[in-house]
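Residue-level listing of the chains:
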Amino acid sequence: MLRPAAIINATAFSAQGTDGSASPLNSTGCPVFQVALSTARKKDWAEAARGLSPADLAMHVVLPEVDGRILTGVISFKSPGKKDPDLQYSRFAHRPMPDRIDAALDRVEGWLRLARLRNEQKRVGLILSTYPGKAHNLAHAVGLDALASCTEILNELSAQGYEASPQANLGLGNLGLRLANETLSFPLTQYNTALAELPEALRSTLTAAWGAPEEDPDCRDGAFHFKALQAGKALIALQPERGDVQTRVEDYHDLDRTPRHAYVAFYLWLRQQVDALVHVGAHGTLEWLPGKAVALSDECWPEALTGSLPVAYPFIVNDPGEAAQAKRRIGAVTLGHLPPPLAQTSLPEGMARLESLLDEYSTADGLDPARRDRLIDDIRAEAQGTGVEADLGLTAEASAAEAITRIDAFVCDIKESQYGEGLHIFGTGDFGAEERGGLIAALNGQMVAPGPSGSPYRGRSDVLPTGRNLFTTDPRSVPSRAAQAQGVKLAEGLLRRHLQDHGDWPQGLVIDLWGSATMRTAGEEFAMALHLAGLAPKWDKESSRVCGFEVLPLSLLGRPRIDVTLRVSGLFRDVFPGLAQMLGGRSSSAF
């Protein structure tokens, strides 16, 4: 049996079986790295903030995440070859990009180097967020006691043979106090040397935004000073402010704000100090720095600062949209952890729908701009109906960009108000062993099994056990409930138009279904076809996966069923094999 150290995969899509069985690539236990082959020209990629087209994103990023692959970036683009004078034709083909291949291999080598080290040699950096920056919120993480989790992680590392034994005065009560008062330093001369290795474009932007390094408030006496301390070979540190304290809230998710010198120095210093990063809890600011949304270049800040460092990221299991940001922009293995147990209260029904729409918006944002725009209208309508827009002082004239940003921030903040029984501590509780096991597997440079994301307290028992590498999109959940609602709307609009134009119901329709389009819309066109035929999907309560279809009574439809013929692409057939099978079996009983 082959025992590779790593697998680099250039094939798109997921390799899971139709029954949900694991990809055969996962059987070796080694990490599987995904490289993207863009169908765009290099110059188009260089100018695009998105990085990949919706189709490329779906095929080369979203679906491979279902298999637990680690994204290492894009390595080729299409371009025309020499024009054939007889055929008067230039064939477009993939052309490898050596600099992007080098960057991908550097990231793979970072994980392989980690795997080769003995545990007692490994230097692990535990990084804690400073948002929102108030003294009583030190080491903030959504639903997670980050300080107690650090202690738990250090204990586990020590048990695994790491030189990371918590010191006597590094207990739960003292860790926060020490982090607030102790510092480790990075000489300015060393910073300037490391900074010179970054692309000129980044250095120019940094200087234009923040001036000279000496002007940074964390630069004193010829060195940068970071709130950090050592625990054996492990390092624990607070992530510096990326900008001004006064604009912290605005900066947190700002994809345009250049990080200040101390922030840049912090990560360049970490690259010299540790062999792997563990960002403890959702979420920090590294994955929100300026640059492309996915398929980053060397002039994107997240790639420039992380370099080849492996990143493991304990992340609350019910926040798929922001976990995707970490996976796609810093190559993180996002290890799902439990939310804190809820008390008797729960998120209001209206707010739960708003949260669900925001999650769908996060998924659609890069895949389908048209669906994203429709979801913006749905989100704003829901926010108006629940009074959120009024609470935020948003008027009807507020731009979509402002409204979505503020509504999303509001929902993120209010999530914690529903946690009535404290915070979760990573590696403890019902699935603590799985969480610890996932982290240790990542730090051993091994495959971490993939797992879905969602709330276990809203019937999503499929997200258990935690400790797996989160993915955000499951083809078996197509169509989603929001896509079904939009599909019904599309079908009714089509039927009204036909009645207006022809005075009768259509006798039959042929609907083309494309795999990439279905991924982008979460199945809106398929849902439209279902409704035309008088069918509706049924979802499993625990997993939100489509488990069958029901025949709607004619009394409810108020019209005859439409004879629908589905013409599916090869990609749709391969990605969604279960849909056609289930639909075929149910359609015969509808007529």
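Quick caveat, the model's predicted, so the values are computed rather than measured.

Conventions adopted
- Numbering of residues starts from 1 in each chain and follows the order in which that chain's sequence is written.
- Totals for whole chains, interfaces and linings use every residue, but because this is a predicted model, local features are given only for residues with pLDDT of at least 70 and side-chain atom pairs only at 80 or more, for both listing and counting.
- As a rule here, side-chain values cover all heavy atoms of the structure and leave hydrogens and water aside.
- Numbering goes from the N terminus for both helices and strands, where a helix is a DSSP run of H or I of at least four residues and a strand is a run of E of at least two.
- With C-alpha atoms as the basis for the radius of gyration, the globule rule is written as 2.2 Å multiplied by the number of residues raised to the power 0.38.
- Each residue gets one of three labels from its accessible area relative to the maximum for its type: buried under 20%, exposed over 50%, partly exposed in between, using a 1.4 Å probe on protein chains only.
- Contacts: residue pairs with any heavy atoms within 4.5 Å of one another.
- Here the accessible surface of atoms and residues is derived via Shrake-Rupley with a 1.4 Å probe, and residues count as covered only by protein chains that are part of the display.
- Here, strands pair whenever DSSP counts at least two bridges between them.
- In this analysis, axes come from line fits to C-alpha atoms, helices being fitted only over the stretch in contact, and the angle between any two N-to-C directions falls in the range 0 to 180 degrees.
- For our purposes a nonpolar core is just a set of buried Ala, Val, Leu, Ile, Met, Phe, Trp, Tyr and Cys residues, chained together by side-chain atoms within 4.5 Å.
- Centres within 6.5 Å make a pair out of two Phe, Tyr or Trp rings, where for Trp the six-membered ring is used; the pair is then stacked when the planes are under 30 degrees apart, edge-to-face when over 60, and tilted otherwise.
- Patch building starts from residues that exceed 30% relative accessible area and form no salt bridge, then joins like charges within 9 Å and nonpolar side chains (Val, Leu, Ile, Met, Phe, Trp, Tyr) within 5 Å.
- Salt bridges are defined by distance alone: a side-chain nitrogen of Lys or Arg within 4 Å of a carboxyl oxygen of Asp or Glu.
- Asp and Glu count as negative and Lys and Arg as positive, but His and the ends of the chain are not part of the count.
- Taken as the charge location is NZ of Lys, CZ of Arg, CG of Asp or CD of Glu.

1. Re the overall build of the chain
- On a plain count of helices and strands, the chain comes out with 22 helices and 19 strands.
- The globule rule puts the C-alpha radius of gyration for 591 residues at 25 Å, and the 25 Å found for the chain is close to it.
- For the chain, the C-alpha atoms occupy an extent of roughly 85 × 75 × 60 Å along the three principal directions.
- Looking at the chain as a whole, 52% of its 591 residues qualify as buried.
- The contacts of the chain with a sequence gap of at least 6 include a subset with a gap of at least 24, amounting to 74%.
- Of the roughly 25,000 Å² of accessible surface on the chain, a fraction of 52% belongs to carbon and sulfur atoms.

2. A word on the sheet that holds strand β4 (residues 92–96)
- A sheet is described by the order of its strands in space; here four strands give the open sequence β1-β2-β3-β4, paired in mixed fashion. The outermost strands of the open sheet, each flanked by one partner alone, are β1 (7–9) and β4. Averaged over neighbouring strand pairs, the angle between their axes works out to 30° when direction is ignored.
- In terms of strand pairing, strand β3 (residues 70–80) meets β4 through five bridges, oriented antiparallel. Residue pairing across strands places Lys78 opposite His94, the latter belonging to β4.
- In this fold helix α3 (residues 98–116) packs onto β1, β2 (32–37), β3 and β4, with an angle of close to 165° to the strand it touches most, β3.

3. A short note on the nonpolar core
- In terms of nonpolar packing, the biggest core is built from 45 residues, with Tyr191, Phe224, Val264, Tyr267, Leu270 and Leu305 touching the most fellow members.
- For this core, the secondary-structure elements that each account for two or more residues are α6 (188–195), α7 (200–210), β8 (223–226), β10 (234–238), α9 (261–273), α10 (301–306), β12 (311–316) and α11 (320–330).
- It is α9 that contributes the most residues to this core, nine residues altogether.
- Discounting residues that sit within four places of it in the chain, Tyr191 has contacts with Phe186, Leu206, Pro213, Phe224, His261, Val264, Ala265 and Leu268.
- Grouped together as the second largest cluster of nonpolar side chains are 40 residues, Val124, Ala234, Ala312 and Val333 included.

4. A closer look at the packing of aromatic side chains
- Following the criterion strictly, the structure yields 12 aromatic pairs and no others.
- Measuring from ring centre to ring centre gives 5.0 Å for Phe226 and Trp269, while their planes differ by 35°; the resulting arrangement is tilted. Residue Phe226 is found in strand β8, and its partner Trp269 is found in helix α9; the two are separated by 43 residues along the sequence. Trp269 carries the same exposure label as Phe226, and that label is buried.
- Judged by centre distance (5.4 Å) and plane angle (40°), the rings of Tyr263 and Tyr267 are tilted. Taken together, the positions of Tyr263 and Tyr267, both in helix α9 and four residues apart, correspond to about one turn of that helix.

5. A few points about a negative patch on the surface
- Side chains of Asp99, Asp102, Asp106, Asp298 and Glu299 sit close together on the surface and give a patch of like negative charge.
- Relative to the assigned elements, Asp102 resides in helix α3.
- A relative accessible area of 46% means that Asp102 is categorised as partly exposed.

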